[in-house]
Amino acid sequence: MVGLEEARAEYDTELVVYVRGDNKSPEYLSLNPNGKVPTMVVNGVSITESSAMMIYLAKVFPEAKLLPFDGQSETDAKVIADVIWCSTSIHPNVFHIRLPQFFCDVPSGMERVREMAKERLAQDFRQIEDRLGNGPWFFGEQWSLVDAYLSWAWFRLNGTSFDLTPYPRFANMYDRVLKRPSVERVLAKEQEAYDWLERNDLMVNFQTFSPSSGN
Ligand SMILES: N[C@@H](CCC(=O)N[C@@H](CS)C(=O)NCC(=O)O)C(=O)O
C-alpha cells in the first residue's frame with residue numbers, strides 16, 4: 001500500500017479477516033492459492049507475493065522511484081535480491097516470533113521456535129544496521145520500498161522479546177519512515193481497519209490465533 005500511495009496510484013482495498021477465515025475462502029484462494037495476504041489485483045490479474053508487487057509497482061511507476069533500478073541487469077538483480085530477502089528471511093522470522101504456534105503444536109517447543117527465529121533475525125538486523133551506515137536509507141541516498149518493508153518488521157517486533165536496542169540506525173530510519181506522508185496515509189487507513197475489526201470483535205489475538213482458528 002505504501003508503494004501505491006507513493007505512486008499516487010488509484011486503488012481500492014478490501015479487508016481480509018483472518019479470524020473469519022476470509023483468507024481460506026474459495027474466492028480468496030482463487031486469487032491467492034497460498035491463502036496469505038497481501039494480494040494485488042490489477043486489470044483482472046492477481047499478483048501474489050509482496051516482493052513481486054513491489055517490483056511490479058517500481059517498474060510501472062518509475063517516476064515514483066520505489067526501488068533504485070538503473071536498467072543494468074546486474075545491479076537491478078541485486079536490488080531484487082534485497083527485496084526477496086525481506087520477504088523470504090525477515091518476514092518469516094517475524095512471523096515465527098509473533099506466531100510460533102503456526103510452526104509448532106507442542107506447547108513446550110514454541111518458545112524454542114521463537115528463540116531460534118530471534119537468533120536468525122538478529123543476523124539479518126545486524127546486516128541492515130551495517131547497510132544503514134551508508135544511509136540514510138537501506139540503499140543509501142534513495143528512499144525505497146525496502147525501507148518501508150523493514151519498518152513493517154520493526155513495527156511488528158516492537159514490544160516483543162526481540163531486542164531492538166542494538167540497532168540505533170534502524171530505529172532512526174523507522175522514525176523517519178513514519179514521517180513520510182505516504183506512510184502516514186497508509187497508517188490512517190490501517191487504523192480505520194483496526195477500529196472496524198475491534199468494533200466487530202474480529203481482531204486477531206496473537207496469543208491464541210492458530211492455523212485452524214480461522215476455518
Ligand atoms: N511470502 C508471502 C508471505 C505473506 C505472509 O506470510 N502473510 C501472512 C501475514 S503477514 C499471512 O497471510 N499468513 C496467513 C497464513 O500463513 O495462514 C509474501 O511476501 O507476500
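Relevant structure appears above.
Residues numbered from 1 in each chain as written. Predicted model: local features only at pLDDT ≥ 70, side-chain atom pairs only at ≥ 80, totals over all residues. Heavy atoms only, no water.

Let us look at the pattern of salt bridges. Tallied over the full model, the rule gives eight salt bridges. Across the pair Arg20 and Asp22 runs a salt bridge, and its minimum N-O distance is 2.7 Å. (Salt bridge = Lys/Arg side-chain N within 4 Å of Asp/Glu carboxyl O.)

Attention shifts here to helix α8 (residues 181-199). The end-to-end C-alpha distance of α8 is 27 Å, a good match for the 27 Å that 19 residues give at a rise of 1.5 Å each. Along α8, the residues that are buried comprise Ser182, Val183, Val186, Ala193 and Leu197. Considered in projection along α8, the buried side chains sweep an arc of 85 degrees and stay on one side of the axis. Opposite the buried face of α8, at more than 90 degrees from it, the exposed residues are Pro181, Glu192, Glu198 and Arg199. Close packing links the buried residues of α8 with α1 (2-6) and α7 (168-178). Immediately beyond the C-terminal end of α8, within one or two residues, lies Asp201, with a positive phi of roughly 55 degrees. (Helix = DSSP H or I, 4+ residues; strand = E, 2+ residues; numbered from the N terminus. Expected span 1.5 Å × (residues − 1). Buried < 20%, exposed > 50% of the residue type's maximum accessible area, 1.4 Å probe, protein only. Arc of directions from axis to C-beta. Contact = heavy atoms within 4.5 Å.)

Right, let's get into the site of the ligand. Around the ligand lies a shell of 13 residues, among which Tyr18, Val37, Glu49, Ser50 and His91 are the nearest. Within the contact set of the ligand, an oxygen atom lies 2.9 Å away from a side-chain nitrogen or oxygen of Tyr18. One nitrogen or oxygen atom from the side chain of Lys24 is found 3.4 Å from an oxygen atom belonging to the ligand. Considering every element that reaches the shell around the ligand, the biggest residue donor is helix α4 (residues 73-98), with three residues. A breakdown of the residues in the shell around the ligand according to their chemical character gives six nonpolar, four polar and three charged. (Near = heavy atom within 4 Å. Polar contact = N/O pair within 3.5 Å; in protein donor to acceptor, adjacent residues only side chain to side chain. Nonpolar A, V, L, I, M, F, W, Y, C, P; charged D, E, K, R; others polar.)

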